[in-house]
Amino acid sequence: MTSINSLKLLSLSLILTLASCSKTEDPLPESEAAHWDYEHTDWTDLGYVDCSGTIQSPVNILSMETIKADLPNVSISYSPFPIKIIDNGHTLQVNNNGVNKISYNGHDYEFKQFHFHAHSEHQLDGKSSEMELHLVHQDPNSKALLVLGFFIEPGSANDLFDKVLKNWPKEKEVEQTGTDSIDLNSIIPKDKKYFTYTGSLTTPPCSQGVSFILFKQHLNFSTEQISAFTAVYDHNARPIQPLNNRLVFEDLN
Ligand SMILES: [Zn+2]
């Protein structure tokens with residue numbers, strides 16, 4: 001390993017440590033303080049001051065500029081749970097229903113919720129995917145957030161997304177419980193190589209210090225499934241934010 005790579009690995013562990021330890025208050029809001037939308041994304045104007053911070057998400061990942069390294073594995077222990085779902089007016093979101101955990105880089109994170117964006121929020125070499133899935137996790141001690149992100153491309157239908165669409169609540173902002181079982185293991189790719197960097201929530205309050213792990217292997221949803229989502233949410237994706245000297249790491253495991 002060259003010294004420059006050692007330095008970059010050192011900075012990765014520093015970044016991951018900072019991301020895990022810097023938060024004392026809960027960065028995940030229970031409810032929003034002011035109404036916001038995707039037509040006007042200068043959310044700082046609405047009082048969400050973190051949205052103009054310097055480590056914001058999403059970003060455009062340039063594959064030629066990532067730091068290639070042997071990164072920690074994401075250790076996943078999910079078990080199926082009955083669906084609990086809300087249409088919050090910004091996306092369709094499935095909430096935690098029981099304890100599901102992952103471990104990463106020496107920290108445990110509890111699964112909180114997953115939700116969808118169309119088109120994708122992150123880009124790879126300037127290219128968006130049709131959709132993006134975010135699985136939001138939180139360290140119960142430090143409150144640090146970790147998001148597992150998946151790029152979604154048109155292809156065969158996805159069983160888990162079928163259950164999500166089938167349970168779409170008729171009323172907005174009212175959480176609904178269904179009998180369908182959600183098994184997150186079904187969407188975890190066999191090849192768990194990923195990109196990672198430190199950013200923020202991509203919605204207000206844009207809390208910073210969020211660890212993003214974006215799997216390189218995309219998921220497939222059918223064009224019918226994608227259309228069912230975009231019929232309601234066709235542009236719930238925040239614009240690309242400047243990288244501002246941050247490093248994006250690429251897993252070579
Ligand atoms: Zn998201």
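Here goes a summary of the coordinates provided.

Conventions adopted
Numbering of residues starts from 1 in each chain and follows the order in which that chain's sequence is written. Selection of residues for local features in this predicted model requires a pLDDT of at least 70, selection of side-chain atom pairs for listing and counting requires 80 or more, and totals for whole chains, interfaces and linings are taken over all residues. The side-chain numbers reported here are obtained from all heavy atoms of the structure, hydrogens and water having been left aside. A run of H or I in DSSP counts as a helix once it spans at least four residues, and a run of E counts as a strand once it spans at least two, with each numbered from the N terminus. Three exposure classes are used, based on accessible area relative to the maximum for each residue type with a 1.4 Å probe and protein chains only: buried under 20%, partly exposed in between, and exposed over 50%. We call two residues in contact whenever any of their non-hydrogen atoms come within 4.5 Å of each other. Starting at the helix axis, one direction is taken to each C-beta atom, and the arc is that of these directions. Any pair of Phe, Tyr and Trp rings, taking the six-membered ring for Trp, is counted once the centres come within 6.5 Å. Such a pair is stacked with planes under 30 degrees apart, edge-to-face with planes over 60 apart, and tilted for the rest. A ring is considered to have a charge above it if a Lys NZ or an Arg CZ atom is located within 6 Å of its centre and within 35 degrees of its normal. Our working definition of a disulfide is a cysteine sulfur pair at a distance within 2.5 Å. What counts as an axis is a line fitted to C-alpha atoms, over the stretch in contact for a helix, and the angles between N-to-C directions run from 0 to 180 degrees. Left-handed is the label given to a crossing in which the near helix is rotated counterclockwise from the far helix by less than a right angle, and right-handed is the label when the rotation is clockwise. Each residue is assigned to one of three groups, with Ala, Val, Leu, Ile, Met, Phe, Trp, Tyr, Cys and Pro labelled nonpolar, Asp, Glu, Lys and Arg labelled charged, and all others, Gly among them, labelled polar. When a carboxyl oxygen of Asp or Glu lies within 4 Å of a side-chain nitrogen of Lys or Arg, that pair is called a salt bridge.

### Topic: the environment of Glu-110
Here is step 1: Checked against the element boundaries, Glu-110 lands in strand 7 (residues 107–118).
Here is step 2: Residue Glu-110 is classed as partly exposed on the basis of its relative accessible area of 28%.
Here is step 3: Along the sequence, Glu-110 and Leu-146 sit 36 residues apart, while their C-alpha atoms lie 9.3 Å from each other.
Here is step 4: Sequence-distant contacts of Glu-110, that is, excluding residues within four places in its chain, are made with Asn-100, Lys-101, Val-136, His-137, Gln-138 and Pro-140.

### Some details on helix 3 (residues 223–230)
Here is step 1: Among the residues of helix 3, Gln-225, Ile-226 and Phe-229 are the ones counted as buried. Seen from one end, helix 3 has its buried residues packed into an arc of 100°, which puts them on one side.
Here is step 2: Considering only its buried residues, helix 3 is in contact with strand 5 (92–95), strand 7, strand 9 (131–138), strand 10 (145–154), helix 2 (159–166) and strand 13 (208–221).

### Here we look at the packing of aromatic side chains
Here is step 1: Tallying each qualifying case throughout the model produces 18 aromatic pairs.
Here is step 2: Ring centres of Tyr-78 and Phe-111 lie 6.4 Å apart, and the angle between their planes is 75°; this geometry places the pair in the edge-to-face category. In this pair, Tyr-78 sits in the loop between strand 3 (74–77) and strand 4 (81–87) while Phe-111 sits in strand 7, placing the two residues 33 residues apart along the sequence. Taken as a pair, Tyr-78 and Phe-111 share a single burial class, namely buried.
Here is step 3: Arranged with centres 5.8 Å apart and planes meeting at 40°, the rings of Phe-81 and Phe-111 form a pair that is tilted. Of this pair, Phe-81 sits in strand 4 while Phe-111 is found in strand 7, placing the two residues 30 residues apart along the sequence.
Here is step 4: The class for Phe-81 is buried, based on a relative accessible area of 3%.
Here is step 5: Owing to a relative accessible area of 1%, Phe-111 belongs among the buried residues under this scheme.
Here is step 6: The structure contains a cluster of three or more aromatic residues connected by ring pairs, namely Tyr-78, Phe-81, Phe-111, Phe-114, Phe-116, Phe-161, Trp-168, Phe-221, Phe-229 and Tyr-233.
Here is step 7: Between Lys-216 and the ring centre of Phe-195, over which it is positioned, the NZ or CZ distance is 5.5 Å.

### A short note on the state of the cysteines
Here is step 1: Tallied over the entire structure, the rule returns one disulfide.
Here is step 2: Shown here is the disulfide that connects Cys-51 with Cys-206, its sulfur atoms set 2.1 Å apart. Since a negative S-S torsion denotes a left-handed disulfide, the Cys-51-Cys-206 link at about 85° is right-handed. Taken together, the positions of Cys-51 in the loop between helix 1 (3–21) and strand 1 (60–61) and Cys-206 in the loop between strand 12 (194–200) and strand 13 put the pair 155 residues apart, joining distant regions of the chain.

### Points about the packing of helix 2 against helix 3
Here is step 1: Running from amino to carboxyl end, helix 2 crosses helix 3 at an angle of 35°, the nearest separation of the two axes being 11 Å. The way helix 2 lies across helix 3 gives a crossing that is left-handed. Residue-level inspection shows Phe-161, Asp-162 and Leu-165 of helix 2 in contact with helix 3, the latter providing Gln-225, Ala-228 and Phe-229.
Here is step 2: In terms of residue class, the contact of helix 2 with helix 3 is built from four nonpolar, one polar and one charged.

### A word on the pattern of salt bridges
Here is step 1: Applying the stated criterion across every chain, the model contains six salt bridges.
Here is step 2: Measuring nitrogen to oxygen at the nearest pair gives 3.8 Å for the salt bridge that ties Lys-127 to Glu-153. Of the two residues, Lys-127 sits in the loop between strand 8 (123–124) and strand 9 while Glu-153 sits in strand 10, which places them 26 residues apart along the sequence.

### A short note on helix 2
Here is step 1: Turning to helix 2, its buried residues number three or more, namely Leu-160, Phe-161, Val-164 and Leu-165. All buried residues of helix 2 project into a common sector of 135° when viewed along the axis, lining one side. Turned more than 90 degrees away from the buried face of helix 2, the exposed residues are Asp-159 and Lys-166.

On their own, these measurements won't tell you what the molecule is for.
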